[in-house]
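Coordinate analysis (summary)
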Amino acid sequence: MRGHDELIFGLDTSAAANWTVVRARGELDLATSPRLRSALVDAVGVAPRDLVIDLSSVDLIDSTGLGVLLGALRRARQAGSRLVLAGMRGQVVDVFALTGLDAIFDITADVEDVVALEAGTA
Amino acid sequence: MNRAVELEIPARTDFLSVARLVVVAAASVDAAFGEERLDNLRLAVSEACANAINAQPADSTAAISIRCDFMEDRLEVEVVDRGPGFDPDNVPQLPPVTDPRRLEHESGLGLTLIRSLTDEAEIRSSPSGTAVRLVVYAADVGPR
């Protein structure tokens with residue numbers, strides 16, 4: 001039987017072209033954010049070097065989730081890696097605008113935009 | 001007619017989703033709130049409850065209480081914890097998000113979100129606990 005956290009939040013990590021793709025699903029809050037933080041800590045600085053976080057299936061992000069993304073951006077910059085947020089929708093878009101974080105993250109509509117562009121220019 | 005819904009949750013993070021679910025379900029009963037307002041309410045309540053949970057000592061058995069008062073034109077939610085309290089007028093100021101030094105801080109966005117997502121937000125805090133009162137109007141008739 002799955003635990004509560006797994007019912008409201010899911011994560012998987014894969015590789016596409018030169019990118020590590022971390023896909024989050026569900027509600028990213030104080031309870032579930034530690035799992036995303038752990039996955040992102042593991043992903044920064046290892047091959048593939050650059051990181052795209054797929055938020056297209058995230059229904060809610062709170063201030064803790066935003067903080068985890070800020071920490072990931074800091075670590076990516078320190079490691080010389082790119083970090084892109086993909087597929088944000090609904091209130092997640094609004095929350096980035098309300099906090100001004102949309103000005104500091106590299107944001108794209110779709111993971112495929114990032115990966116396809118990279119594959120095409122490789 | 002005014003109605004109220006009261007809820008107590010353990011001060012545990014895995015009960016945050018329960019608080020969100022109950023408050024939004026209660027606010028959805030008479031269809032006064034549009035989808036965007038419900039989304040804002042859901043996140044604001046979640047932030048207030050997260051702060052309340054963080055305020056409790058780790059070994060505390062005290063509950064977080066959540067009371068929703070449904071008025072004709074608005075919903076008022078009060079989230080109360082029994083933590084040690086804080087001075088809401090003396091929260092550390094962090095650099096703006098566009099300042100690279102802001103990346104050194106993963107916290108500090110919760111109160112910003114609460115104030116942005118609600119029509120009114122009031123924090124009363126004392127050494128015996130903190131009460132956060134949120135007001136969301138049913139439509140765009142409330143003060144901004």
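My aim in this report is to walk through the structure given alongside it, one point at a time. (Residues numbered from 1 in each chain as written. Chains lettered and ligands numbered in written order. Predicted model: local features only at pLDDT ≥ 70, side-chain atom pairs only at ≥ 80, totals over all residues. Heavy atoms only, no water.)

Concerning the overall build of chain A
- If you tally the helices and strands in chain A, you get five helices and five strands.
- For 122 residues, the compact-globule estimate of 2.2 N^0.38 gives 14 Å, and the C-alpha radius of gyration of chain A, at 14 Å, lies within 12% of that figure.
- In terms of its C-alpha atoms, chain A occupies a principal-axis envelope of roughly 40 × 35 × 25 Å.
- Looking at chain A as a whole, 53% of its 122 residues are labelled buried.
- Of the contacts formed within chain A by residues at least 6 apart in sequence, a portion of 68% connects residues at least 24 apart.
- When the accessible surface of chain A is summed, it comes to about 5100 Å², and 51% of that surface belongs to carbon and sulfur atoms.
- If you average the places of the 11 positive and of the 17 negative side-chain charges in chain A, the two averages end up 6 Å apart. (Helix = DSSP H or I, 4+ residues; strand = E, 2+ residues; numbered from the N terminus. Rg over C-alpha atoms; globule rule 2.2 N^0.38 Å. Buried < 20%, exposed > 50% of the residue type's maximum accessible area, 1.4 Å probe, protein only. Contact = heavy atoms within 4.5 Å. Areas by Shrake-Rupley, 256 points an atom, 1.4 Å probe, with all protein chains shown as cover. Lys, Arg positive; Asp, Glu negative; His and termini not counted. Charge placed at Lys NZ, Arg CZ, Asp CG, Glu CD.)

Overview of the packing of aromatic side chains
- This structure, assessed with the given rule, holds one aromatic pair over all chains.
- Between F96 of chain A and F105 of chain A, the ring centres sit 5.8 Å apart and the planes meet at 75°, which makes this aromatic pair edge-to-face. Each member of the pair F96 of chain A and F105 of chain A is classed as buried.
- The ring of F70 of chain B has R3 of chain B lying over it, and the distance from NZ or CZ to the ring centre is 5.1 Å. (Phe/Tyr/Trp six-rings, centres within 6.5 Å; stacked < 30°, edge-to-face > 60°. Lys NZ or Arg CZ within 6 Å of the ring centre and 35° of its normal.)

What to know about the layout of surface pockets
- Space inside the largest pocket adds up to approximately 890 Å³.
- V91, G108, L109, G110 and L111 of chain B are, among the 40 residues lining the largest pocket, the residues nearest its centre.
- Elements with a contribution of two residues or more to the lining of the largest pocket: α3 (63–79) of chain A together with α2 (35–55), β3 (74–81), α3 (110–117) and β5 (129–137) of chain B.
- Looking at which element gives the most residues to the lining of the largest pocket, the answer is α2 of chain B, with seven residues.
- Classifying every residue of the lining of the largest pocket gives 18 nonpolar, 14 polar and eight charged. (1 Å grid on protein atoms, 1.4 Å probe; cavity = no way out; pocket = protein on both sides within 12 Å on 5 of 7 lines; lining within 4 Å. Points joined across faces, edges and corners; volume = space filled by probe spheres on them. Nonpolar A, V, L, I, M, F, W, Y, C, P; charged D, E, K, R; others polar.)

What to know about unusual backbone geometry
Residues and elements named next belong to chain A.
- One non-glycine residue, A17, adopts positive backbone phi at about 55°.
- One can find A17 in the loop between β1 (9–16) and β2 (19–28).
- A17 sits in the partly exposed class, given a relative accessible area of 44%.

So, the sheet that holds strand β5 (residues 106–108) of chain A
All names here are of chain A.
- Spatially, the five strands line up as an open sheet ordered β1-β2-β3-β4-β5, and their pairing is mixed. This sheet does not close on itself; its edge strands, each paired only once, are β1 and β5. Taken over all neighbouring pairs, the strand axes of this sheet differ in orientation by 25° on average, direction set aside.
- Where β1 lies against β2, eight bridges are found, and the strand directions are antiparallel. Note on β2: the bridge partner recorded for F9 is G26.
- Sheet strands touched by helix α4 (residues 91–99): β3 (50–61), β4 (83–86) and β5. Its angle to β3, the strand with the most contacts, is close to 110°. (Pairing = 2+ DSSP bridges. Axes fitted to C-alpha atoms, helices over the stretch in contact; angles between N-to-C directions.)

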